[in-house]
Structure formats: C-alpha cells, structure tokens
Amino acid sequence: MTAKEKEQILLDQEAIRRALTRISHEMIEKNKGMDDCILLGIRTRGYPLAEQLAANIKRIEGVTLPVGSIDITLYRDDLEKKQADPKIHELELPASIEGKKVILVDDVLYTGRTVRAAMDALMDKGRPNQIQLAVLVDRGHRELPIRPDYVGKNVPTSQSEQIRVQLYQNDDTDKVSIVQTQTNE
C-alpha cells in the first residue's frame, strides 16, 4: 500500500501578503491604534508572520511594535505523544506584558490546543490586559472554546485533510496548501 498526497494551493505569496495587510489594518482599527500592543508569534511559523504584521503596521502607522516569540512545547497536553526529547526555545518577550494587549500570532488554528498552551505559557510570565489571536488560516474543528480575532482565510476542512503553511523564512517559499493523503492499494 502506498500513500499519495493531493495538494491544492489555497494562498500563494501575493495572497498571503494581501491577507496579512488586511489583518494589519483590522488590528489597527480594533485597537484604535497600536498603543500598548505586543505581537507574539507562536513557534515555528507564527513568529515570521508576527514579524510581517509588525512591518506592515510600521509602514501603515509609523509605529514600531515589540515582536517576540513563544514556544509552547512544555505546555502541550500531548507532549508525551509528540517526542521523547523535545527541542525547547525560550519565551522571547520583547517587553513586559503587564497591562499590555498581547496579540498571539499563529499560522493555523485547528483544535485550539496550541493557543491554550500559548496562553498558559504567557500567563506564567505576567498578566496582560488583553490577549487577542491572529491566524493566517482557520480550518475549524475546535475542541476548545477558542475564537480568533483576526483571520487571513477560513478554510473548512475534513479531519483527513491537512493545511500546510510554508513561509520563506522556514521553507524558502510562501504558500498555503490543503493536502489530502490518498492511499493506493
């Protein structure tokens, strides 16, 4: 039996750029400017997305936002299932989160467990005034009551499909695909 992947590109480089530009404008509007905001990208692909959002906001508003990253590895509720020796990155906070609006940024929102783990990690470091969530793709199938504030694209999926985000900083290309694995006997 062999497995074959069927891939359909949902967002190319230009579509990703447009989605991030729209999200940037929505952030500015919702927060009435970006005072007291910090962007935290969830490792691995949330961080470059947070950097791109910060660059957009600087271009649009002339405001330089603090950008950091958050590694949720030790906060996962399925850590023992993932790997025996996980690679740990420290929480990189660019500033104190006390009393700030923290905008978590991730590539794909699925069950909500990654976001819950990120909030747990964040709360261990301080008490923000508010936590918002920005995602490039929301694919549904939530297991926890988590809802994004900003969405690049809603993509209803089946459980057998996978959303694959590739960003230049990690993968030398920018694209979002939906992948269906088909088995041939």
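Residues numbered from 1 in each chain as written. Predicted model: local features only at pLDDT ≥ 70, side-chain atom pairs only at ≥ 80, totals over all residues. Heavy atoms only, no water.

The name an unreviewed UniProt entry gives the protein is Bifunctional protein PyrR, with Salicibibacter cibarius as the organism. Within the UniProt record for the protein, the comment given under Sequence similarities (unreviewed entry) is "Belongs to the purine/pyrimidine phosphoribosyltransferase family. PyrR subfamily." As its UniProt record puts it under Subunit (unreviewed entry), the protein is described as follows: "Homodimer and homohexamer; in equilibrium." (UniProt positions renumbered as here; feature names shortened; annotations may be inferred.)

A. Representation of the overall build of the protein within the structure. If you tally the helices and strands in the protein, you get five helices and eight strands. Walking the protein from its N terminus toward its C terminus, one meets helices and strands in the order β-α-β-α-β-α-β-α-β-β-β-α-β. In the protein, which comprises 185 residues, the proportion classed as buried is 43%. Of the contacts made within the protein by residues no fewer than 6 positions apart, 70% connect residues no fewer than 24 positions apart. Here the protein has roughly 10100 Å² of accessible surface; of this, 44% comes from carbon and sulfur atoms. (Helix = DSSP H or I, 4+ residues; strand = E, 2+ residues; numbered from the N terminus. Buried < 20%, exposed > 50% of the residue type's maximum accessible area, 1.4 Å probe, protein only. Contact = heavy atoms within 4.5 Å. Areas by Shrake-Rupley, 256 points an atom, 1.4 Å probe, with all protein chains shown as cover.)

B. A look at the side chain of Asp 106. Here Asp 106 shows up in strand β4 (residues 101-109). The contacts of Asp 106, once residues within four sequence positions are left out, are Ile 42, Gly 46, Leu 49, Thr 114, Ala 134, Val 135 and Leu 136.

C. Spatial organisation of helix α2 (residues 46-61). Taking 1.5 Å of rise per residue, the 16 residues of α2 would be expected to cover 22 Å, and the 22 Å separating its terminal C-alpha atoms lies within 8% of that figure. Along α2, the residues classified as buried are Gly 46, Pro 48, Leu 49, Ala 50, Leu 53, Ala 54, Asn 56 and Ile 57. Contacts from the buried residues of α2 go to α1 (13-30), β2 (37-42), β3 (67-70), β4, β5 (130-138) and α5 (168-171). (Expected span 1.5 Å × (residues − 1).)

D. Representation of the packing of α1 against α2. Interaxial distance between α1 and α2 falls to 9 Å at its minimum, and their mutual angle equals 65°. The two elements α1 and α2 cross, and the hand of that crossing is right-handed. On α2, the residues that touch Leu 20, Thr 21, Ile 23, Ser 24, His 25, Met 27 and Ile 28 of α1 are Leu 49, Gln 52, Leu 53, Asn 56, Ile 57, Arg 59, Ile 60 and Glu 61. Residue composition of the contact of α1 with α2, grouped by class: eight nonpolar, five polar and two charged. (Axes fitted to C-alpha atoms, helices over the stretch in contact; angles between N-to-C directions. Left-handed = near helix turned anticlockwise from the far one by under 90°. Nonpolar A, V, L, I, M, F, W, Y, C, P; charged D, E, K, R; others polar.)

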